[in-house]
Amino acid sequence: MTDRLTILGLESSCDDTAAAVLRAEGNGAELLSSVVSGQTDLHAAYGGVVPEIAARAHAERLDLMVEQAVAQAGIYLSEVDAIAVTAGPGLIGGVLSGVMCAKGLAMGLGVPLVGVNHLAGHALTPRLTDGVAFPYLMLLVSGGHCQFLRVDGPDAFTRLGGTIDDAPGEAFDKVAKLLGLPQPGGPSVEQAAAQGNPLRFALPRPLLDRQGCDMSFSGLKTAVLRARDAVVAEQGGMREQDRADLCAAFQAAVRDVLSEKSRRALAGQPDLTGFAVAGGVAANQPLRTALEKVAASHDLPFIAPPLRLCTDNAAMIAWAGLEAFRAGRSDGMDLAARPRWPLDRTSPALIGSGKKGAKA
Ligand code: KG4
Ligand code: ZN
């Protein structure tokens, strides 16, 4: 008898349609394929993700992604032993498309179905990529998420803090927009910032004066807007150097806030095995360097999974599904799609809902 298990993961909670095949054997797992179809082009004209457009695109593309993932894995669909699917939190139309597709597949193949929390997918990724042992600290920073999670098990998360308004990626995107830089904003702001002086504009470090690990990025974006308007009023326009200086100041402020709040999140937790990051903003090099230093100052390894597994993908859903399945959990055909699904059921819900949907 073998404990080999081949699991197909599906993700469709925001603006990426993704499928992945993961093969687990013993304690190890091999990612056989992971495909993602993004929708940036479909939403570009609207300044944010349009839920109806996203849902339709997911419904159209899910079958195709499954076909591609299975083909790239070099297996037959009939070899799949279980289906894992994001059942929330996210934009309800997209989540529903994924859950319906997964139910059809599970029923057709006669295999178990596992509903996965999207945030658990992100939070458990360091175990897939680096085999990190529980408990560890996870900082999720993307266009839709921003929270510190203490991860004690596949279904044991404690949220130590999070944003009370915008997610950092959202702030990067808005800052790029108001400075006339291309989307997605993160990479263009990082590139411009490399030529800038972070000290020319004094931007706030929101909520550092407040205890705990909650964060706020909305006021920072407004401060950039005011500084831009002041430059335009004074000079009659913006030069490239002004843009670079503003980007550098903004990036430094985000870096300082995330570093200080990480320090606080790590404090008083001597049992942690590592400090991990995930989400698109974790691609930011100056931020990574700063967070790596914070981890080192606590004598902890810093874990940053490769970017394709940090941003939205289905490999993380397959892995989280595998962890849940091994812990004895699976779902029936009554699995519900949940727009909101906080990982930590004890901490109070966060306020704020950004362009990428509800922040659980
Ligand atoms: O995780 P992700 O691909 O999607 C979700 O939000 O779920 O993250 C996308 C976000 C965007 O807001 C993008 O501007 C930001 O991550 N981002 C970055 C960088 N690369 C992507 N932010 C800062 N620096 C970067 N290099
Ligand atoms: Zn995500």
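Residues numbered from 1 in each chain as written. Chains lettered and ligands numbered in written order. Predicted model: local features only at pLDDT ≥ 70, side-chain atom pairs only at ≥ 80, totals over all residues. Heavy atoms only, no water.

Quick look at the overall build of the protein
Link 1 in the chain: Helix and strand content of the protein: eleven helices and twelve strands.
Link 2 in the chain: For a compact globule of 360 residues, the expected C-alpha radius of gyration is about 21 Å, and the protein comes in at 21 Å, within 12% of that figure.
Link 3 in the chain: Along the longest, intermediate and shortest principal axes, the C-alpha atoms of the protein span 70 × 45 × 35 Å.
Link 4 in the chain: The buried share of the protein, reckoned over its 360 residues, is 56%.
Link 5 in the chain: Taking all contacts inside the protein whose residues are at least 6 apart in sequence as the whole, residues at least 24 apart take part in 71%. (Helix = DSSP H or I, 4+ residues; strand = E, 2+ residues; numbered from the N terminus. Rg over C-alpha atoms; globule rule 2.2 N^0.38 Å. Buried < 20%, exposed > 50% of the residue type's maximum accessible area, 1.4 Å probe, protein only. Contact = heavy atoms within 4.5 Å.)

Thoughts on the packing of aromatic side chains
Link 1 in the chain: Per the stated rule, a full pass over the model turns up three aromatic pairs.
Link 2 in the chain: Residues phenylalanine 134 and tyrosine 136 carry aromatic rings whose centres are separated by 6.1 Å and whose planes lie at 10° to one another, so their mutual orientation is stacked. (Phe/Tyr/Trp six-rings, centres within 6.5 Å; stacked < 30°, edge-to-face > 60°.)

Brief notes about the coordination of the zinc ion (ligand 2)
Link 1 in the chain: His118 (NE2), His122 (NE2), His145 (NE2) and Asp312 (OD) make up the full set of protein donors to the zinc ion (ligand 2), lying at 2.1 to 2.5 Å.
Link 2 in the chain: Taken together, the four donor atoms surrounding the zinc ion (ligand 2) define angles of 87 to 161° at the centre, an arrangement classified as irregular.
Link 3 in the chain: Ordering the donors of the zinc ion (ligand 2) by residue number gives the pattern H-x3-H-x22-H-x166-D. Residue histidine 118 is found in helix α4 (residues 118-130), and its partner aspartate 312 is found in the loop between α10 (307-310) and α11 (315-326); the two are separated by 194 residues along the sequence.
Link 4 in the chain: Residue classification places histidine 118 among the buried residues on the basis of a relative accessible area of 1%. (Donors = N, O, S within 2.8 Å, 3.2 Å for Na, K, Ca; no water. Tetrahedral: all angles 85-135°; square planar, octahedral: opposite > 155°, others 65-115°.)

Things to note about a nonpolar patch on the surface
Link 1 in the chain: Side chains of Ile92, Leu96 and Met100 sit close together on the surface and give an oily, nonpolar patch of about 270 Å² of accessible area.
Link 2 in the chain: Within the secondary structure, isoleucine 92 is located in helix α3 (residues 92-109). (Patch = residues over 30% accessible without salt bridge, like charges linked within 9 Å, V, L, I, M, F, W, Y side chains within 5 Å. Areas by Shrake-Rupley, 256 points an atom, 1.4 Å probe, with all protein chains shown as cover. Salt bridge = Lys/Arg side-chain N within 4 Å of Asp/Glu carboxyl O.)

Some words on the layout of surface pockets
Link 1 in the chain: The volume enclosed by the second largest pocket comes to roughly 230 Å³.
Link 2 in the chain: Looking at the second largest pocket, it is lined by 16 residues, and the ones nearest its centre are Pro154, Asp155, Ala324, Arg329 and Trp341.
Link 3 in the chain: A class-by-class count of the residues in the lining of the second largest pocket yields ten nonpolar, two polar and four charged.
Link 4 in the chain: Lining the lining of the second largest pocket are residues from two domains, each supplying at least three of them: domain 1 (4-126 + 309-326) and domain 2 (134-306). (1 Å grid on protein atoms, 1.4 Å probe; cavity = no way out; pocket = protein on both sides within 12 Å on 5 of 7 lines; lining within 4 Å. Points joined across faces, edges and corners; volume = space filled by probe spheres on them. Nonpolar A, V, L, I, M, F, W, Y, C, P; charged D, E, K, R; others polar. Domains from an automatic or database assignment.)

Brief notes about the environment of cysteine 101
Link 1 in the chain: By secondary structure assignment, the location of cysteine 101 is in helix α3.
Link 2 in the chain: Judged by its relative accessible area of 15%, cysteine 101 falls in the buried class.
Link 3 in the chain: Between the C-alpha atoms of cysteine 101 and valine 85, which are 16 residues apart in sequence, the distance is 8.9 Å.
Link 4 in the chain: Setting aside its immediate chain neighbours within four residues, cysteine 101 contacts Leu10, Leu62 and Asp63.

Here's the deal with the site of ligand 1
Link 1 in the chain: Taken together, 19 residues form the shell around ligand 1, and within it Gly143, Asp173, Gly186, Glu190 and Gly280 come nearest.
Link 2 in the chain: The separation between a nitrogen atom of ligand 1 and a polar side-chain atom of glutamate 190 is 2.7 Å.
Link 3 in the chain: One of the side-chain nitrogen or oxygen atoms of aspartate 312 is found 3.2 Å away from an oxygen atom of ligand 1.
Link 4 in the chain: Calculation on ligand 1 without its partners gives an accessible area of 560 Å², and the protein chains cover 90% of this total.
Link 5 in the chain: Secondary-structure elements contributing two or more residues to the shell around ligand 1 are α5 (168-178) and α6 (185-193).
Link 6 in the chain: For the shell around ligand 1, the leading source of residues is α6, giving four residues.
Link 7 in the chain: The class makeup of the residues in the shell around ligand 1 is five nonpolar, ten polar and four charged. (Near = heavy atom within 4 Å. Polar contact = N/O pair within 3.5 Å; in protein donor to acceptor, adjacent residues only side chain to side chain.)

Concerning the pattern of salt bridges
A side chain with one charge can pair with a side chain of the opposite charge if their charged atoms come near.
Link 1 in the chain: Tallied over the full model, the rule gives 16 salt bridges.
Link 2 in the chain: For glutamate 79, the salt bridge is made with arginine 23, and the minimal N-O distance between the two is 3.7 Å. Taken together, the residues span a long stretch of sequence, with glutamate 79 in the loop between α2 (51-73) and β4 (82-88) and arginine 23 in strand β2 (residues 16-25) at a distance of 56 residues.
Link 3 in the chain: Taking relative accessible area as the criterion, arginine 23 reaches 15% and is therefore assigned buried.

A word on the nonpolar core
Link 1 in the chain: Of all hydrophobic cores here, the largest spans 47 residues; its most connected members are Leu139, Val189, Phe217, Phe250, Leu258 and Phe275.
Link 2 in the chain: For this core, the secondary-structure elements that each account for two or more residues are β6 (136-141), β7 (146-153), α5, α6, α7 (218-235), α8 (240-266), β9 (275-278) and α9 (285-297).
Link 3 in the chain: Sorting elements by how many residues they give to this core places α8 first, with eleven residues.
Link 4 in the chain: Excluding its chain neighbours within four sequence positions, the residues that come into contact with phenylalanine 250 are Ala171, Phe172, Val175, Val189, Leu203, Leu220 and Val224. (Core = buried A, V, L, I, M, F, W, Y, C linked by side-chain atoms within 4.5 Å.)

Considerations on the side chain of lysine 103
Link 1 in the chain: Within the element layout of this structure, lysine 103 appears in helix α3.
Link 2 in the chain: Setting aside residues up to four positions removed in sequence, lysine 103 forms contacts with Leu113, Met333, Asp334 and Leu335.

Observations regarding α9
Link 1 in the chain: With 13 residues, α9 should cover 18 Å at 1.5 Å per step; its first-to-last C-alpha distance of 18 Å lies within 8% of that length.
Link 2 in the chain: Among the residues of α9, those classed as buried are Leu287, Arg288, Ala290, Leu291, Val294 and Ala295. The buried residues of α9 occupy an angular sector of 165° when projected down its axis, which confines them to one face. Exposed side chains of α9 directed beyond 90 degrees from the buried face belong to Lys293 and Ser297.
Link 3 in the chain: In this structure, the buried side of α9 is in contact with β6, α8, β9 and β10 (302-303). (Expected span 1.5 Å × (residues − 1). Arc of directions from axis to C-beta.)

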